[in-house]
Amino acid sequence: MSRPDPIAMESAAPCPVCGASRCETFVRRTGVPVHQNLLFESMEAARCIARGDLDMRACLDCGFVFNHSFDASRLSYGAGYDNTQDCSGIFDDYLNELARYLVMERGVHHNRIIEVGCGKGGFLRKLVAYPGSNNTGIGYDPSYLGPESDLDGRVQFVAQTYDKRWADEPGDIIVCRHVIEHLARPLELLGAVREAVGNKHHAKVFFETPCVEWILAGRVFWDFFYEHCSLFTERSLATAFELSGFHVASTRHLFDGQYQLIEATPAETPVHAVPRKDNLLEQAREYATAESSLLQKWKTKIRHYAEKGKICLWGAGAKGATFANLIDPDCKLLDCVVDLNPRKQGRFIPGSGHPIVDYRDLPRRGITDIVLMNPNYRQENTALLKSNGIQANFVDVK
Ligand SMILES: [Zn+2]
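Residues numbered from 1 in each chain as written. Predicted model: local features only at pLDDT ≥ 70, side-chain atom pairs only at ≥ 80, totals over all residues.

### Some details on the overall build of the chain
Then step 1. Scanning the chain for helices and strands turns up 10 helices and 17 strands.
Then step 2. For 398 residues, the compact-globule estimate of 2.2 N^0.38 gives 21 Å, and the chain sits close to it at 21 Å.
Then step 3. A total of 398 residues make up the chain; the buried ones form 46% of that total.
Then step 4. Looking at the chain alone, contacts between residues at least 24 apart form 69% of all its contacts between residues at least 6 apart. (Helix = DSSP H or I, 4+ residues; strand = E, 2+ residues; numbered from the N terminus. Rg over C-alpha atoms; globule rule 2.2 N^0.38 Å. Buried ≥ 20, exposed ≤ 12 C-beta atoms within 10 Å, placed from the backbone. Contact = placed C-beta atoms within 7 Å.)

### Thoughts on the confidence of the model for the chain
Then step 1. This prediction gives the chain a mean pLDDT of 91; 93% of its residues lie at or above 70.
Then step 2. Predicted confidence for residues 1-10 stays below pLDDT 50, and this span has 13 contacts to residues more than four positions away or in other chains. (pLDDT = per-residue confidence, 0-100.)

### Description of helix H8 (residues 318-327)
Then step 1. Burial runs high along H8: 9 of the 10 residues are buried.
Then step 2. Within H8, the full set of buried residues consists of Ala-318, Gly-320, Ala-321, Thr-322, Phe-323, Ala-324, Asn-325, Leu-326 and Ile-327.
Then step 3. Buried-residue contacts for H8 involve strand E1 (23-33), helix H7 (280-308), strand E13 (311-314) and strand E14 (334-338).

### Considering unusual backbone geometry
With the exception of glycine, most residues fall at negative phi, and the peptide bonds are largely trans.
Then step 1. Unusually for a residue other than glycine, Asp-152 sits at a positive phi of about 55°.
Then step 2. The residue Asp-152 is located in the loop between strand E6 (149-150) and strand E7 (155-158) in this model.
Then step 3. You will see that Cys-331, though not glycine, has its phi angle at about 60°, which is positive.
Then step 4. Within the secondary structure, Cys-331 sits in the loop between H8 and E14.

### Things to note about the sheet that holds strand E12 (residues 259-266)
Then step 1. Pairing is mixed across the open sheet formed by 8 strands, whose spatial order is E6-E7-E5-E4-E8-E9-E12-E11. Only two strands of the sheet have a single neighbouring strand rather than two, namely E6 and strand E11 (246-254).
Then step 2. The pairing of E11 with E12 spans 8 bridges and is classified as antiparallel. Considered in E12, the bridge of Leu-254 is made with Tyr-259.
Then step 3. Sheet strands touched by helix H4 (residues 186-197): strand E8 (173-177), strand E9 (204-210), E11 and E12. Its angle to E8, the strand with the most contacts, is close to 160°. (Pairing = 2+ DSSP bridges. Axes fitted to C-alpha atoms, helices over the stretch in contact; angles between N-to-C directions.)

### Notes on the domain arrangement of the chain
Then step 1. Parsing the chain into structural domains produces domain 1 (6-70), domain 2 (89-276) and domain 3 (292-395).
Then step 2. The straight-line distance from the C-alpha centre of domain 1 to that of domain 2 is 23 Å.
Then step 3. Elements that contribute at least two residues to the side of domain 1 that touches domain 2 include exactly E1, strand E2 (51-59) and strand E3 (65-67).
Then step 4. Taken together, the residues of the side of domain 1 that touches domain 2 break down into 15 nonpolar, 5 polar and 1 charged. (Domains from an automatic or database assignment. Nonpolar A, V, L, I, M, F, W, Y, C, P; charged D, E, K, R; others polar.)

### Details of H7
Then step 1. Taking 1.5 Å as the rise per residue, H7 with 29 residues should run 42 Å; its terminal C-alpha atoms sit 41 Å apart, in good agreement.
Then step 2. Approximately 40° is the largest bend angle found in H7, and it occurs at Glu-291.
Then step 3. Of all the positions in H7, only Leu-280, Gln-283, Ala-284, Tyr-287, Glu-291 and Ile-302 are classed as buried.
Then step 4. In this fold, the buried residues of H7 make contact with E1, E2, helix H5 (212-218), E13, H8 and E14. (Expected span 1.5 Å × (residues − 1). Bend = angle between axes of the 7 residues up to and from the residue.)

### Notes on the pairing of E12
Then step 1. When E9 meets E12, the two strands line up antiparallel, connected through 6 bridges. Considered in E12, the bridge of Glu-208 is made with Leu-261.
Then step 2. Between E11 and E12, which pair antiparallel and follow one another directly, the connecting turn spans 4 residues, one of which, Phe-255, has a positive phi of 55°.

### Some remarks on the sheet that holds E14
Then step 1. What the 5 strands build is an open sheet, ordered E15-E14-E13-E16-E17; its pairing is parallel. The open sheet has two free edges, formed respectively by strand E15 (356-357) and strand E17 (393-395), since each of these has just one partner strand.
Then step 2. Pairing between E13 and strand E16 (residues 369-372): 4 bridges, direction parallel. Residue Leu-313 lies in a different strand from E16, and its bridge partner there is Val-371.
Then step 3. Packed on one face of the sheet, H7 meets E13, E14, E16 and E17 and runs near 125° to E13.

### Here we look at the packing of helix H2 (residues 89-105) against helix H3 (residues 122-129)
Then step 1. Closest axis-to-axis distance for the H2/H3 pair is 9 Å, and the angle between their directions is 45°. Relative to H3, the element H2 lies oblique. Crossing hand, H2 versus H3: right-handed. For the pair H2 and H3, the contacting residues are Leu-95, Asn-96, Ala-99, Leu-102 and Val-103 in the first and Gly-122, Phe-123, Lys-126 and Leu-127 in the second. (Parallel < 35°, antiparallel > 145°, perpendicular 65-115°, else oblique. Left-handed = near helix turned anticlockwise from the far one by under 90°.)

### Let's talk about the pairing of E2
Then step 1. With 7 of 9 residues buried, E2 lies mostly within the body of the structure.
Then step 2. Bridge count for E1 against E2 is 8 bridges, and the pairing is antiparallel. Paired with Val-32 across the strands is Gly-52, a residue of E2.
Then step 3. In this sheet, E3 lies alongside E2 in antiparallel orientation, the contact comprising 3 bridges. Considered in E3, the bridge of Ala-58 is made with Val-65.
Then step 4. Counted between consecutive antiparallel strands, the loop separating E2 from E3 contains 5 residues, among which Gly-63 sits at a positive phi close to 90°.

Shown next, in the form of structure tokens:
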């Protein structure tokens, strides 16, 4: 880990969205695990994961943030990859509300839906099964596991990556949640989607992705990790869609500001695509200045808790995996990581090798303190502990 090197500033590497050459490094980390959501059967295997570097740069023109050192060939989004979050009631409520919003407020009914990167298919099933929606759908994801057809044939799944090969698949709604941030060249996917909707001017496209302004504002250092090589501000997301031949209808911030949902339609005439100016740089520089002292503060804090008791993390998704690797890379301070997803329990965090456990194991492990990786789950997790008579203190992440 090192502070950004001034020599790397103003690099000539062009912005993958707008093509501008003025981009500035604001996060640099070496040897980070390339995956955060890959499941490992043993601590040894987890610690042998492929590694890569983070060189997060902000475009001075459009505000897009990207990992200049990203190498897609190191990653493998196969069946061992699991980033489902719907074991949490709070997250399932979030998805139900999003499905309601699309069906009831954005007119996604009597439609053929294509979901790009459908994961295990949970959200597409909600859109198709929504009462009275009369939707049908097809989902694409290389990590999909399950039947090829479901809901009496109204929904189908293809366990492959969505790209131009599937441009002829009929559909008038395209949904894509939490995929574009994993792609080094996001305009390629947007180009494939634009080709797929062709001249269907009634078509609607919905993309959901993290909001990098939220990460920077909260100084959430555990939200910069290898899988997310492309991070968007509201404006850079709009720029990417306009450069790809879409009109931007709206952008909404969701999940307490952590995510953004853009709605776009195919433009009949080419959009006058000038990058929307973004003043992200100041925020990125402030973050860069603060990061190393923030990491040090957390290491001291975790060591303090580990000395007086036993401490764990709650949340074995990308946030928890990144926090564990940054604060306790040798697996000496944090006892374990709790996750509600039964497929993750009994497995190990990529890189650091921390065991992933069920919260019901906490008393047996003697856990006294818990760091909650996403504050949105605090109420839910507090209630789970209380109803099981488990006593432990939640450490404030601020
Ligand atoms: Zn740019």
